[in-house]
Every structure is written in C-alpha cells, then in structure tokens.
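# Remarks on the overall topology
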Amino acid sequence: MTFETYLVSEKLKVATISQHVRNAGYFTRWLEKEGLALSQTTHREILDFIDRQREENRSIGHINRILLSLRYYFGYLNRENTMDGNPASGLKVRGAVRTVPTGLLEREELDSLHEKYTVTDDRTHRNKTMLGLLVYQGLTREELETLRPEHLKLREGKIHIPETNRNNARILTLEPHQILDLQEYALVIKPKLGSDPQRLFTGRNGNPSLNNTLLHLCHALRRIDPRVRNATQLRQSVITEWLKTRDLRQVQYMAGHRYVSSTERYLTTSLEDLREALEKHHPLK
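None of the values given here were measured: they were computed from a predicted structure.

### As for the nonpolar core
One finds Leu 144, Leu 147, Phe 201 and Leu 234 to be the most contacted residues of the largest nonpolar core, which totals 39 residues. For this core, the elements supplying multiple residues, two or more each, are α5 (107-116), α6 (122-136), β2 (158-161), α8 (176-193), α9 (211-224), α10 (231-242) and α11 (248-255). In terms of residue count, α6 provides more of this core than any other element does, 6 residues in total. In this structure Phe 201 touches Arg 126, Thr 129, Met 130, Leu 133, Leu 144, Leu 147, Tyr 185 and Leu 210, once residues within four positions along its chain are discounted. One finds Leu 7, Ile 46, Phe 49 and Ile 50 within the second-largest nonpolar core, a separate group that totals 25 residues.

Have a look at this one:
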C-alpha cells in the first residue's frame, strides 16, 4: 500500500491527499539532505525540520499543516510495520520556532569517538579522516561533499571550508594529528579508493553524496557511544564546546553561521536551561 492509497482509505478529499503527499515529500527530502534515516526519526528530528521550515519563511499555519501531514505519514508507516510510534503526534506550533540543541557530547567524549574508531581498511581510513573534520572542525555533510584537495593547507596546518547554500566560507585550524592523517589520506588512501580526483571525499563507487557513508559511520560510532545520533549532533556538540572558551563572534565565524542568532542558540548549556528553552521555543498543544 502506498501513502496515497492509505490516505484514500482514510476517506480524505483528493486535494487534501495531494497536499499530504507533497508535505511528506518535503520531510523525506530534508531527511535525505541531512543524512538522516527515516526509521530513526524522533521528536528531535521533527523539531529540527520545523526550524528549517521557519528559515524558509513558511508561515505557522503552513507548518502546522505540514505537521498534520506528517502525523498521517507516520500513521501510514505504522500500519505498514515500517516504524513504531508517531514522533509528530501532539505537535502544534503556537509561536516562534527555534530549536535548542540537546543530547550533546562533551569534548572528551568527542575525542574518545575519534580515538576509538578503528581503521581496518581504506574505507574506514577515509571515514576516520572525515570523522576528524566532524568532531574537531564541526563540518556539515554538505561541506564535506564540497571539499576539494586544493582546500587543504597542510603546510599552514589549516583547511579552507568553501561557502555552501547555508554556511559561509572560512579557514579553520587543524589539530596536529589531523595534518598527517589528511596528508596520508590525500596522497595514499584516496587514489586507491578510485574516487573522483576533483573531490576530497566521495561515497561508495565515487558517489558524490555522503549520505550513506555518514549513516554507516554513525552506526559504527553508536557501538562506541550509544548516544551518537547523527553528524548534525556532532556538529552541534562541537559548536557548544567552542562557546565554552571562545567569543560568540569567533564561534559564529568558525561555524560558518551567517547570522549570530544561529550561534546564540548554543549558549544554553545546562540541562535545566535546555529544558526551559525547549518549552519556551516549542510550546506544544
């Protein structure tokens, strides 16, 4: 049974069915772009998606219609035994939306992930090199996909992060051990993988998308620390750790945020403050 057929069985109007199918498509495309698995969707991912809709200037009314579509969509997945539970259940936006990062890892825990991730072949060597850029420079999936070999400034101990659709360009300092790791990867490992010579990282068989690669990487990281969710969580953790020792504007630059407000939401660090901020910015009905 397709989602559309499921909606027909719910006796909805044709126009309503089309709207729900379209809105569910918004969500599944966002998941793919963020490198997230549909089966692992939780309340947190729904809230992150809502925040993205606000960034695209969708009205609160439109967002609530999308949430209704998602409730139907997850109901359909439940009937198909593809997923248990409905993470969109009970959500209704009543005011301004701003996600507050939660479930973050501390610096020592990020270091431990990198240290304990085992290299067994060329593929895992590539993955560990990418992991370093995730846990030390806080890169996004899109930024990893955009990197070219010429962006490495290894003699200077730096890396140039090019501009993407969402983030500004910037130059970041590499950890000392990353310099040797990146050099070995670029000169020895990458040629053996047979990937696109114009890209620093590619997925399997030269695929320019790193969606599946990061999904597999995060799956391996969960065996080290079950709290690991995805690459977005690692980036959020890095930015939060930066703010403990650096100026707000400096972190804005390092994160590539176009607006300082994007950086300010990471300032809430204690668990109690996070809970209060979540309630304030995500009133549920």
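### Focus: empty space enclosed by the protein
In the structure shown here, the tally under the stated rule is 2 cavities of 30 Å³ or more. Counted as a void, the second largest cavity has a volume near 40 Å³. For the lining of the second largest cavity, the secondary-structure elements that each account for two or more residues are α6 and α8. Looking at the lining of the second largest cavity, its residues break down into 2 nonpolar, 5 polar and 2 charged.

### Here we look at the confidence of the model for the protein
Low-confidence regions, as indicated by low pLDDT, have predicted coordinates that should not be scrutinised in detail. Averaged over all residues, the pLDDT of the protein equals 88, while 91% of them reach at least 70. Counted against residues more than four places away or in other chains, residues 269-275, with its pLDDT under 50, gives 7 contacts.

### Some thoughts on the packing of helix α2 (residues 14-34) against helix α4 (residues 60-79)
Two elements in contact, α2 and α4, have axes whose closest approach is 8 Å; the angle formed by their N-to-C orientations is 90°. In terms of orientation, α2 and α4 fall into the roughly perpendicular class. In contact with Gln 19, His 20, Asn 23, Ala 24, Tyr 26, Phe 27 and Thr 28 of α2, α4 contributes His 62, Arg 65, Ile 66, Leu 68, Ser 69, Leu 70, Tyr 72, Tyr 73 and Phe 74.

### A few points about the layout of surface pockets
Computed from the structure, the largest pocket encloses a volume of approximately 900 Å³. Elements with a minimum of two residues in the lining of the largest pocket: α2, α3 (43-55), α7 (141-146), α9 and α10. In terms of residues, the lining of the largest pocket owes the most to one element, α3, which gives 6 residues. The residue inventory of the lining of the largest pocket, partitioned by class, reads 10 nonpolar, 12 polar and 16 charged.

### Digging into the sheet that holds strand β3 (residues 170-173)
Spatial ordering of the open sheet is given by β1-β2-β3, a layout of 3 strands whose pairing is antiparallel. With one partner strand each, in any of the chains shown, β1 (152-153) and β3 form the two edges of the open sheet. Relative to β3, β2 is paired through 4 bridges, and the arrangement is antiparallel. Across the sheet, residue Lys 158 finds its bridge partner in β3, namely Thr 173.

### Details of the packing of aromatic side chains
In the structure shown here, the tally under the stated rule is 10 aromatic pairs. With 5.6 Å between their ring centres and 45° between their planes, Phe 3 and Tyr 76 make a pair best called tilted. Highlighted residues: Phe 3 in helix α1 (residues 3-9) and Tyr 76 in helix α4, separated in sequence by 73 residues. Between the aromatic rings of Tyr 73 and Phe 74, the centroid separation amounts to 6.0 Å while the plane-to-plane angle is 55°, which identifies the pairing as tilted. For Phe 74, a relative accessible area of 0% gives the class buried. Three or more aromatic residues link up through ring pairs in this structure, and these residues are Phe 3, Tyr 6, Phe 27, Trp 30, Phe 49, Tyr 73, Phe 74 and Tyr 76. For the cation-ring pair, Arg 58 lies above Tyr 26, with the distance from its terminal atom to the ring centre recorded as 4.6 Å.

Reading the values: rules and limits
- Each chain carries its own residue numbering, running from 1 in the written order of its sequence.
- Reporting in this predicted model follows two pLDDT cut-offs: at least 70 for local features of residues, and 80 or more for side-chain atom pairs to be given and counted; totals over whole chains, interfaces and linings ignore these cut-offs and use all residues.
- Processing note: side-chain calculations cover all non-hydrogen atoms of the structure and skip hydrogens and water entirely.
- Nonpolar cores were defined as sets of buried Ala, Val, Leu, Ile, Met, Phe, Trp, Tyr and Cys residues, with membership established by side-chain atoms within 4.5 Å.
- Relative accessibility decides the category of a residue: with a 1.4 Å probe and only protein chains considered, values under 20% of the type maximum give buried, values over 50% give exposed, and everything between is partly exposed.
- Strands are runs of DSSP state E lasting at least 2 residues, helices are runs of H or I lasting at least 4, and numbering of each runs from the N terminus.
- Contact criterion: two residues are considered in contact whenever any of their non-hydrogen atoms come within 4.5 Å of each other.
- Buriedness of a pocket was judged along seven lines, with at least five required to meet protein on both sides within 12 Å; pockets are open sets of points on a 1 Å grid over the protein atoms alone, cavities are sets where a 1.4 Å probe fits but cannot get out, and lining residues have an atom within 4 Å of a point.
- Grid points are joined across faces, edges and corners, and a volume is the space filled by probe spheres set on the points.
- When residues are grouped by polarity, Ala, Val, Leu, Ile, Met, Phe, Trp, Tyr, Cys and Pro land in nonpolar, Asp, Glu, Lys and Arg in charged, and all others, Gly among them, in polar.
- Summary of the metric used: pLDDT quantifies the predictor's per-residue confidence within the range 0 to 100.
- Fitted lines through C-alpha atoms serve as axes, helices being fitted only where they are in contact, and the angles separating the N-to-C directions of these axes extend from 0 to 180 degrees.
- Put simply, angles under 35 degrees are roughly parallel, angles over 145 are roughly antiparallel, angles from 65 to 115 are roughly perpendicular, and the rest are oblique.
- Think of it this way: DSSP has to see at least two bridges between two strands before they count as a pair.
- By convention, a stacked pair of Phe, Tyr or Trp rings (six-membered ring in the case of Trp) has centres within 6.5 Å and planes under 30 degrees apart, an edge-to-face pair has planes over 60 apart, and any other such pair is tilted.
- Note on geometry: a ring has a charge over it if NZ (lysine) or CZ (arginine) is within 6 Å of the ring centre and within 35 degrees of the ring normal.

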